[in-house]
Amino acid sequence: MDKIIWIEKKINNYNKKILVDSDKSLSIRWALLASQAIGLSKANNLLKSEDVLSTLNCLKKLGVKVVLKKNSCEILGNGLNSFKYKKNLVLNTGNSGTLARLLIALLIRSPYKIKITGDKSLSKRDFLRVIEPLKKFGANFYPKNKTTLPLFIRGNNYLRPIKYHEKKGSAQVKSCIMLAALNAPGITKIIAKKSRNHTEILYKYLNIPIKIKKKKNLSLIEVKSKIDIKPLNYNIPSDISSSAFFIALTLLSKKSNLIIKNVNINETRAGSIIILNKMGAKIKFKNKRSYKGEKIADIHVKSAKSLKHIKCPTKYNTSAIDEFLIIFLVAAKSKGVSYFSNLSELNQKESQRLKLGSKILNMIGVKTKLTDHSIKIYGNPNLNLNLNKNYVIKNYFKDHRIFMMSTIAALTLGGKWKIHNSESIKTSFPSFLKLIKYLGGKYIQ
Ligand code: S3P
């Protein structure tokens, strides 16, 4: 169902503290690893979004006991490769690339063909990136030569460890190989372009044999198969990718202050903060602490007096990969011409974000120059003074981050906005609109 919101007023100044929804990457990884452990694992503050609920539903269909309560979730694992299911199983991974690409790694011993499906957006996304390494382990995929969902996987009892060079900077591909490695006797070796490292941190915490060497922009990872994984109790912190929309809201609005509590600021995820600070923001991490190998802090942000362009160093790309839409919006209201490159992966997300992000900026009168992998944004600090038209956002594959970027644009730049598919936020950040309201943002539903 298409739910629409209308925004016709900019947000007034605010001075508040908020808690955004929990980290999606950690929530999905917790559930998948808990299903492979022996014994009862418990998570507090598991993100209750559609992507995580799809994860729990897939696990239930694979015979895993899952109990979801108001503030916690329990999973009773029976160990590696202990899924129990009948023939003709279909697993619906919904909108979640992370779920689909990580879950199939746990199915590479399955004796029967399992069908993996996803929604319209996920069914357009590339799976060759995980089919290729998983085939090397010995898994089988059908139909042959198909690289998108729906796909069938059938496992193999005679798996071999692999050596693989992951060149995209994809944490999903890296994590897929790391999970598959648990099932393949021997040592799997991965050379991976640096990307979010939650799986590595969880492996260390769980004493799963892993060796990691860092070399410039690469991680050299060795994983040894491990049969008895211990249960994992975890308090999931808040998501920096969700926080980024409220950081941008505050930067782009006037005389406001915001504290976002208890956010996972892992440096492999925090590139957006470095980029925005280089553009003139003064975002600070306070009350820093460590939790089971992750770093957590409260984020303090103020409205920006002036923002300037950036030639964004590509070394920050993977650590800001989910935040570029909102960074583009900030660049649109900054002084000078910003340039972002090596970002072809952005067009492989829930929607073609490089293309669509550029289209939305053009719609509000911001000039851009777009290629397959780069964008130049001709910023205008007076952008908000010129916006007085009607703007409609639709047909964007229900990409949650396009919806949130558009909402932030509407609340800070002015004009009359009609934004379709507000239900899209349910995949990652169900409380988004409630928090907007709490800060004083007005929208009609
Ligand atoms: C994720 C990895 C990233 C990111 C996605 C979550 C993860 O995808 O965009 O939202 O949890 O591993 P890629 O691995 O495709 O870069």
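It should be noted that the structure appears before, not after, this text.
Residues numbered from 1 in each chain as written. Predicted model: local features only at pLDDT ≥ 70, side-chain atom pairs only at ≥ 80, totals over all residues. Heavy atoms only, no water.

Draft legend 1. Region of the structure containing the overall build of the protein. A count of helices and strands for the protein gives 13 helices and 22 strands. Taking 22 Å as the expected radius of gyration for a compact globule of 445 residues, we find that the protein reaches 22 Å, a close match to that expectation. Along the first, second and third principal axes, the C-alpha atoms of the protein reach 65 × 45 × 40 Å. Out of the 445 residues in the protein, the part that is buried amounts to 59%. Here the contacts in the protein between residues at least 6 apart in sequence split such that 76% fall between residues at least 24 apart. Summed over all atoms, the accessible surface of the protein reaches about 18,800 Å², with 50% contributed by carbon and sulfur. Mean positive and mean negative side-chain charge positions of the protein (84 and 25 charges, respectively) differ by 3 Å. (Helix = DSSP H or I, 4+ residues; strand = E, 2+ residues; numbered from the N terminus. Rg over C-alpha atoms; globule rule 2.2 N^0.38 Å. Buried < 20%, exposed > 50% of the residue type's maximum accessible area, 1.4 Å probe, protein only. Contact = heavy atoms within 4.5 Å. Areas by Shrake-Rupley, 256 points an atom, 1.4 Å probe, with all protein chains shown as cover. Lys, Arg positive; Asp, Glu negative; His and termini not counted. Charge placed at Lys NZ, Arg CZ, Asp CG, Glu CD.)

Draft legend 2. The arrangement of the site of the ligand in detail. Taken together, Ser 25, Arg 29, Thr 98, Arg 101, Arg 129, Ser 170, Ala 171, Gln 172, Arg 196, Ile 321, Asp 322 and Lys 349 make up the full set of residues near the ligand. Within the contact set of the ligand, an oxygen atom lies 2.7 Å away from a side-chain nitrogen or oxygen of Ser 25. Ala 171 is positioned with one of its backbone polar atoms (N or O) 3.0 Å from an oxygen atom of the ligand. When the free accessible area of the ligand is taken as 380 Å², the share hidden by the protein chains comes to 95%. When residues of the shell around the ligand are traced back to their parent elements, those giving at least two are helix H1 (24-36), helix H3 (97-103) and helix H5 (171-183). Residues of the shell around the ligand, tallied by class, amount to 2 nonpolar, 4 polar and 6 charged. (Near = heavy atom within 4 Å. Polar contact = N/O pair within 3.5 Å; in protein donor to acceptor, adjacent residues only side chain to side chain. Nonpolar A, V, L, I, M, F, W, Y, C, P; charged D, E, K, R; others polar.)

Draft legend 3. Local environment of the pattern of salt bridges. Summed over the entire model, instances satisfying the criterion amount to 17 salt bridges. Between Asp 322 and Arg 401 there is a salt bridge; the shortest N-O distance is 3.7 Å. On the criterion of sequence distance, the pair formed by Asp 322 in the loop between strand E17 (294-302) and helix H9 (324-332) and Arg 401 in helix H12 (residues 400-413) is long-range, its members being 79 residues apart. Of the two residues examined, Asp 322 and Arg 401, each falls in the buried class. (Salt bridge = Lys/Arg side-chain N within 4 Å of Asp/Glu carboxyl O.)

Draft legend 4. Structural detail: a positive patch on the surface. Together, Lys 163, Lys 189, Lys 211, Lys 213, Lys 215, Lys 216 and Lys 224 line one region of the surface with positive charge. With 3 residues, the single largest contributor to the positive patch is strand E12 (residues 210-215). Along the chain, Lys 163 falls in strand E10 (residues 163-166). Under the relative-accessibility criterion, Lys 163 is labelled exposed at 62%. (Patch = residues over 30% accessible without salt bridge, like charges linked within 9 Å, V, L, I, M, F, W, Y side chains within 5 Å.)

Draft legend 5. Main features of the sheet that holds E10. Taking strand neighbours across the sheet as the criterion, the 4 strands line up as E10-E11-E13-E12 in an open arrangement whose pairing is mixed. On the outer flanks of this sheet lie E10 and E12, each paired with one strand and no other. On average, each strand axis in the sheet is tilted by 15 degrees relative to the strand beside it, whichever way the strands run. Sitting on the sheet, helix H4 (residues 128-137) is in contact with E10 and strand E11 (187-193), with an inclination near 170 degrees to E10. Strands in contact with helix H6 (residues 198-205) are E12 and strand E13 (218-224); relative to E12, the strand with the most contacts, it is inclined by about 140 degrees. (Pairing = 2+ DSSP bridges. Axes fitted to C-alpha atoms, helices over the stretch in contact; angles between N-to-C directions.)

Draft legend 6. Structural detail: the nonpolar core. Membership of the largest hydrophobic core comes to 79 residues, with the highest contact counts inside it found for Phe 246, Phe 324, Phe 328, Phe 340 and Phe 432. Excluding anything up to four places from it in sequence, Phe 432 contacts Phe 245, Phe 246, Phe 403, Met 404, Thr 407, Ile 408 and Ile 425. Of all hydrophobic cores here, the second largest spans 74 residues; its members include Trp 30, Val 52, Ile 104 and Leu 182. (Core = buried A, V, L, I, M, F, W, Y, C linked by side-chain atoms within 4.5 Å.)

Draft legend 7. Just the packing of aromatic side chains, in detail. Scanning the model with the defined rule gives 11 aromatic pairs in all. Each ring, one from Tyr 234 and one from Tyr 291, has its centre 5.2 Å from the other, and the planes form 80 degrees; the classification is edge-to-face. With Tyr 234 in strand E14 (residues 234-235) and Tyr 291 in strand E16 (residues 284-291), this residue pair connects regions lying 57 residues apart in the sequence. Comparing Tyr 234 with Tyr 291, the two get one shared label, buried. For Lys 113, the ring lying beneath its charged end belongs to Phe 152, and the centroid distance is 5.8 Å. (Phe/Tyr/Trp six-rings, centres within 6.5 Å; stacked < 30°, edge-to-face > 60°. Lys NZ or Arg CZ within 6 Å of the ring centre and 35° of its normal.)

Draft legend 8. Representation of the pairing of strand E21 (residues 390-393). Of the two faces of E21, the one holding Tyr 391 and Ile 393 is buried and the one holding Asn 390 and Val 392 is not buried anywhere. Where E21 meets strand E22 (residues 416-419), 4 bridges bridge the pair, whose relative direction is parallel. Bridge pairing in E22 places Val 392 opposite Lys 418. A crossover links E21 with its parallel partner E22, the connecting element being H12, and its sense is right-handed. (Right-handed = clockwise from strand over helix to strand, strands pointing away.)

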